[in-house]
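Examining the three-dimensional arrangement
Listed below, chain by chain, are the residues.
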Amino acid sequence: MNTRNLIDTVIRPDILALSAYHVPDSSGFIKLDAMENPYVLPADLRTELGRRLADVAMNRYPVPSYTALKEKICSRLGVPAGFDVVLGNGSDELISMLSIACARPGAKVLAPVPGFVMYAMSAQFSRLAFVGVPLNADFTLNKTAMLDAIAQHRPAITYLAYPNNPTGNLFDADDMADIIRAVGDSGLVVVDEAYQPFAQASFMPRLAEFPNMIVMRTVSKLGLAGIRLGYMAAGEALLTEFEKVRPPYNINVLTQAAAEFALDHVAILDEQAATLRRERTVLADALHALPGVEVFPSASNFLLIRLHPSKNNLNNVFAALLDRKVLVKNLGKMHPLLENCLRVTVGTPEENRIFLDALAASLAP
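All of these numbers come straight from a predicted model, not from anything done at the bench.

Criteria and thresholds
- Residues numbered from 1 in each chain as written.
- Predicted model: local features only at pLDDT ≥ 70, side-chain atom pairs only at ≥ 80, totals over all residues.
- Heavy atoms only, no water.
- 1 Å grid on protein atoms, 1.4 Å probe; cavity = no way out; pocket = protein on both sides within 12 Å on 5 of 7 lines; lining within 4 Å.
- Points joined across faces, edges and corners; volume = space filled by probe spheres on them.
- Helix = DSSP H or I, 4+ residues; strand = E, 2+ residues; numbered from the N terminus.
- Nonpolar A, V, L, I, M, F, W, Y, C, P; charged D, E, K, R; others polar.
- Buried < 20%, exposed > 50% of the residue type's maximum accessible area, 1.4 Å probe, protein only.
- Pairing = 2+ DSSP bridges.
- Right-handed = clockwise from strand over helix to strand, strands pointing away.
- Arc of directions from axis to C-beta.
- Contact = heavy atoms within 4.5 Å.
- Salt bridge = Lys/Arg side-chain N within 4 Å of Asp/Glu carboxyl O.
- Axes fitted to C-alpha atoms, helices over the stretch in contact; angles between N-to-C directions.
- Parallel < 35°, antiparallel > 145°, perpendicular 65-115°, else oblique.
- Core = buried A, V, L, I, M, F, W, Y, C linked by side-chain atoms within 4.5 Å.
- Polar contact = N/O pair within 3.5 Å; in protein donor to acceptor, adjacent residues only side chain to side chain.

1. Observations regarding the layout of surface pockets
Estimates place the volume of the largest pocket at around 1,200 Å³. Along the wall of the largest pocket there are 42 residues; nearest its centre are Tyr 21, Asp 33, Met 35, Lys 329 and Arg 343. When residues of the lining of the largest pocket are traced back to their parent elements, those giving at least two are helix H5 (90-101), helix H6 (117-125), helix H10 (220-224), helix H14 (314-323) and strand S12 (329-330). In terms of residue count, the dominant contributor to the lining of the largest pocket is H6 (4 residues). Split by residue class, the lining of the largest pocket holds 23 nonpolar, 9 polar and 10 charged.

Here is the structure:
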């Protein structure tokens, strides 16, 4: 059997043309490329968590309703009374579920670009057309272009990340509300609040105002990236439809137990987020002081910076950081608006110092 012929015969051509999602090996590096919380739980809580996990019945499937976990998410993370959540194995699975549920023939997905790459990828996997609407040069929403695109394409799903990844900024809330109203009952608007712990701004309290809105979040950025848990809140009628495409045991028992435990101690995670917000300001101020470095405003746990092209070659600086065992994200080829840009996660004070020293040493004099 010729395996190549087999693959060419059965795999979709558009999938053959893709590359798998690449996660670089971070062993031995200061890891500032994935927007993770660098802090762990205190030792006493880790010990107690270990006892909880040891008691989990791993020989049994989860109870697929996840009632206790959903109740804790709603009560501890600000979901308004009268609304519930659907759980996903990270936000990625929620995005996939949305795509599957809305994949009518000819349906489209719309989002500002540059934005989270999984909006477009998930649309492609489900045979939905993706329409990207460029942001303004300062990374604000081009509301006129968004409204024109909505009128032309009538998207089934519109994504608005709040704050946006990879730019880090909060879009204007009034512009977003106008976009949600313009979509109306012809489509869904998903407000992606993955970085809400660092923004302290949210559309979650406005769920009742917009029946076509879904608010999607993850506990990853809050400090629980390893357990892969996302949730989306909306009206009951919408959630009922998405439950139909949710895999019945998609949240494993260890994730469930760890999340319930963490939510019992969510104040610790909130304190860590507050620390990172303070460190974000310190890091941004230090980057501003470096010659040839532009720092963009951020409401996330990362900073987007642009290197002045006449002074520094982006790829050379990125390679020099790797040589110094510091891993950040090179965004230079992601979108024309991100030319000469790097994205760096806010780490601990020590990690931030190492990054700043490495960056300063990598820049041209």
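What follows continues from the structure just given.
2. Overview of the pairing of strand S3 (residues 108-113)
Within S3, 5 of the 6 residues are buried, which leaves it mostly tucked inside the rest of the structure. Pairing of S3 with strand S4 (residues 129-134) involves 6 bridges; the strand directions are parallel. The partner of Leu 110 across the bridge, within S4, is Val 131. What joins S3 to S4 is H6, and the crossover it makes is right-handed. In this structure, S3 lies alongside strand S5 (residues 157-161), joined through 2 bridges in parallel fashion. By the bridge assignment for S5, Leu 110 is matched with Thr 158.

3. Quick word on H6
For H6, the full list of buried residues reads Met 118, Tyr 119, Ser 122 and Ala 123. Looking straight down H6, one finds its buried side chains confined to an arc of 135°; they lie on one side. Residues of H6 that are buried make contact with H5, S3, S4, S5 and strand S6 (188-192). Following H6 by one or two positions, Arg 127 adopts a phi angle in the positive range, close to 65°.

4. Some remarks on the pattern of salt bridges
Summed over all chains, the structure comprises 21 salt bridges. When the shortest N-O distance is used, the salt bridge between Glu 243 and Arg 246 registers 2.7 Å. The exposure class assigned to Glu 243 is partly exposed, which follows from its relative accessible area of 26%. Owing to a relative accessible area of 12%, Arg 246 belongs among the buried residues under this scheme. The salt bridge partner of Asp 357 is Arg 353, with a shortest N-O separation of 2.9 Å. Of this pair, Asp 357 and Arg 353 both sit in helix H15 (residues 349-362), 4 residues apart, roughly one helical turn. A relative accessible area of 45% places Asp 357 in the partly exposed class.

5. Quick word on the packing of helix H7 (residues 143-153) against helix H8 (residues 173-183)
Running from N to C, H7 and H8 point in directions that differ by 10°, and their axes come no closer than 10 Å. Accordingly, the angle class assigned to the pair H7 and H8 is roughly parallel. Contacts between H7 and H8 involve Lys 143, Met 146, Leu 147 and Ile 150 from the first element and Asp 175, Asp 178, Ile 179, Ala 182 and Val 183 from the second. Residues of the contact of H7 with H8, tallied by class, amount to 6 nonpolar, no polar and 3 charged.

6. Side note on the nonpolar core
Counting 58 residues, the largest nonpolar core has Ile 73, Leu 87, Phe 203 and Leu 229 as its most contacted members. Apart from residues no more than four positions distant in its own chain, Leu 229 is found in contact with Leu 69, Ile 73, Leu 87, Gly 88, Gly 90, Thr 218, Val 219, Ser 220, Ile 251, Thr 255 and Ala 259. Counting residues in hydrophobic clusters, the runner-up holds 32 residues, among them Ile 30, Met 35, Leu 321 and Ala 358.

7. Some words on H14
Among the residues of H14, those classed as buried are Leu 314, Val 317, Phe 318, Ala 320 and Leu 321. Across the axial projection of H14, the buried residues extend over an arc of 160°, all falling on one side. Among the exposed residues of H14, those pointing more than 90 degrees away from its buried face are Asn 316 and Asp 323. Its side-chain oxygen placed 3.0 Å from the backbone nitrogen of Asn 315, Asn 313 serves as the N-cap of H14. Looking at the residues trailing H14, positive phi occurs at Lys 325, about 65°.

8. So, the sheet that holds strand S2 (residues 84-88)
The strand order across the open sheet formed by 7 strands is S2-S8-S7-S6-S5-S3-S4, and the pairing between neighbours is mixed. A strand with exactly one partner marks an edge of an open sheet, and here the two such strands are S2 and S4. Going from strand to strand, the sheet's axes swing by 25° on average, the running direction of each strand aside. The strands touched by helix H4 (residues 67-76) are S2 and strand S8 (230-234); relative to S2, the strand with the most contacts, the crossing angle is about 120°.

9. As for the side chain of Asn 301
Along the chain, the position of Asn 301 falls in the loop between strand S9 (293-295) and strand S10 (302-307). Exposure remark for Asn 301: the relative accessible area of 1% places this residue in the buried category. Polar side-chain contacts of Asn 301 include one of 3.0 Å to the backbone oxygen of Met 35. Contact partners of Asn 301, with chain neighbours within four places excluded, come to Met 35, Glu 36, Tyr 195, Phe 198, Thr 345 and Val 346.

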